[in-house]
Amino acid sequence: MTRILGIETSCDETAIGIVDDGLSIRANAVATSLAHHAPYGGVIPEIAARLHVETIWDVLSQALSEAACTLDDVDAIAVTQGPGLPGALLIGVAFAKGLALAMDKPLIAVDHLAAHLHAGEMAQPGLKPPYIGLLVSGGHTLLCAAYGEGKFEVLGQTRDDAVGEAFDKVAKLLGLGYPGGPPIDRLSEEGKADRIAFPRSSSKLPMDFSFSGLKTAVYQHLTTAKNAPGVKEVQRIHDRQAIADVAASFQEAAVDMLLTRALRACQRTGIHQVVIGGGVASNSRLRGRFADAAASKKLHVVFPPPALCVDNGAMVAGVAFSRLQRGELASLSITADPDRCLT
Ligand code: KG4
Ligand code: ZN
């Protein structure tokens, strides 16, 4: 049995997981600095990095106590090297190097996006590549084909905002607070998704995404809506049903774009398995629409449970297992690589 401790600090979660043989989760401890960013309506990199420093030892203690083990019982230390916020990544990388050096353990540098996809394999241990990966978070919107360990082909990416960022910005326009995905998801249940025909972007690159036009369309709708004629402050719309209709119509357009690109990727590659990861993968409408598509188009769609969709240390420890087996170790001279992408 090989036990790996995985450290994740790429954004606002300070997370450490302990996983046996790449699949069996012993601990998945997370501390989030979300509340500290909420007043600003988005993640402030300096605050995220400072809070990683403040909480990482506590998160380590929590993970070791959850797994009922000590650092001596761990065979290797894995860490997210990138992509992510440079200052935030640096804390995790420095901490991991310190642990590896002090405990004389091998170090494995992990790609954050590959880790998100590995969460699908942890959620469903029988799952084997090839599969289409759809990564949807506050920082990323990316479609790829996963052919095997470390073998990815990027099929499409967002040309502007990430889809989670679009949820967050639209929620801000609607006065729903930060992060915006969960309240839009909840409020949309009361709204009519076909009430407003928000645009679905198209591109010469058929598997690329764009969400800035959709976000602008929501803003324009709000500032010219019938019940706020000529008023530029969107807060003037007080009607809960009207807000719910905007939320549901926006969500439908965003989910439509994700679904159509993913289906296109399946059609073009002939791959019929899809793994969806990242915070937006918790969205109930996204899950529902993919479940319908899975049934009608005979696809196998994997949504990891929410604890494995958001940033977490277990997925980092999990994806590191095969790298350790292949002897792909990192040296103690590595640093953060904010631009790393599916390597
Ligand atoms: O993966 P994640 O926890 O952090 C990174 O961005 O790396 O994703 C956070 C994003 C936020 O933009 C948040 O609004 C969105 O995921 N999100 C959701 C839902 N839950 C979280 N978006 C739509 N529906 C949800 N239920
Ligand atoms: Zn992430």
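A quick note: this is a predicted structure, and the numbers were derived from the prediction, not measured.

### Describing the pairing of strand S7 (residues 141–148)
Next, step 1: Most of S7 sits out of view: seven of its eight residues are buried.
Next, step 2: As paired elements, strand S6 (residues 131–136) and S7 share six bridges and run antiparallel to each other. Along S7, the bridge assignment pairs tyrosine 131 with alanine 146.
Next, step 3: With antiparallel pairing between neighbouring strands as the criterion, S6 and S7 make up a hairpin whose turn holds four residues.
Next, step 4: As judged from the six bridges shared by S7 and strand S8 (residues 151–157), these two strands associate in the antiparallel manner. Its bridge partner being in S8, alanine 145 is matched across the sheet by glutamate 153.
Next, step 5: Hairpin connection from S7 to S8: two residues lie between these consecutive antiparallel strands, with glycine 150 at a positive phi of about 70°.

### Details of the domain arrangement of the protein
Next, step 1: Split by domain assignment, the protein resolves into domain 1 (3–118 + 308–325) and domain 2 (129–306).
Next, step 2: For domain 1 and domain 2, the distance between their C-alpha centres works out to 27 Å.
Next, step 3: Taken together, the contacts link 16 residues of domain 1 with 21 residues of domain 2.
Next, step 4: Taking both partners together, domain 1 and domain 2 bury about 1500 Å²; carbon and sulfur atoms supply 72% of that area.
Next, step 5: The largest share of the area that domain 1 buries against domain 2 comes from Leu113, Leu117 and Cys309, three residues that together contribute 44% of it.
Next, step 6: Linking domain 1 with domain 2 are zero salt bridges.
Next, step 7: Between domain 1 and domain 2 we count seven residue pairs in polar contact (both at pLDDT 80 or more) in total.
Next, step 8: Broken down by element, the side of domain 1 that touches domain 2 gets its largest block of residues, four residues, from helix H4 (residues 112–123).
Next, step 9: Residues belonging to the side of domain 1 that touches domain 2 are distributed by class as follows: eleven nonpolar, five polar and no charged.

### Some points on the packing of aromatic side chains
Next, step 1: The full count for this structure, using the stated rule, is four aromatic pairs.
Next, step 2: Seen in terms of ring centroids, phenylalanine 290 and phenylalanine 303 are 6.1 Å apart; in terms of plane orientation they differ by 80°. Their pairing is edge-to-face. Separated by 13 residues along the polypeptide, phenylalanine 290 in helix H9 (residues 284–297) and phenylalanine 303 in the loop between strand S10 (300–302) and helix H10 (306–309) bring together distant segments of the chain. In this structure, phenylalanine 290 and phenylalanine 303 share a single accessibility class: buried.

Quick notes on the rules
Residues numbered from 1 in each chain as written. Chains lettered and ligands numbered in written order. Predicted model: local features only at pLDDT ≥ 70, side-chain atom pairs only at ≥ 80, totals over all residues. Heavy atoms only, no water. Buried < 20%, exposed > 50% of the residue type's maximum accessible area, 1.4 Å probe, protein only. Helix = DSSP H or I, 4+ residues; strand = E, 2+ residues; numbered from the N terminus. Pairing = 2+ DSSP bridges. Domains from an automatic or database assignment. Contact = heavy atoms within 4.5 Å. Buried area = accessible area lost by both parts, 1.4 Å probe. Salt bridge = Lys/Arg side-chain N within 4 Å of Asp/Glu carboxyl O. Polar contact = N/O pair within 3.5 Å; in protein donor to acceptor, adjacent residues only side chain to side chain. Nonpolar A, V, L, I, M, F, W, Y, C, P; charged D, E, K, R; others polar. Phe/Tyr/Trp six-rings, centres within 6.5 Å; stacked < 30°, edge-to-face > 60°.

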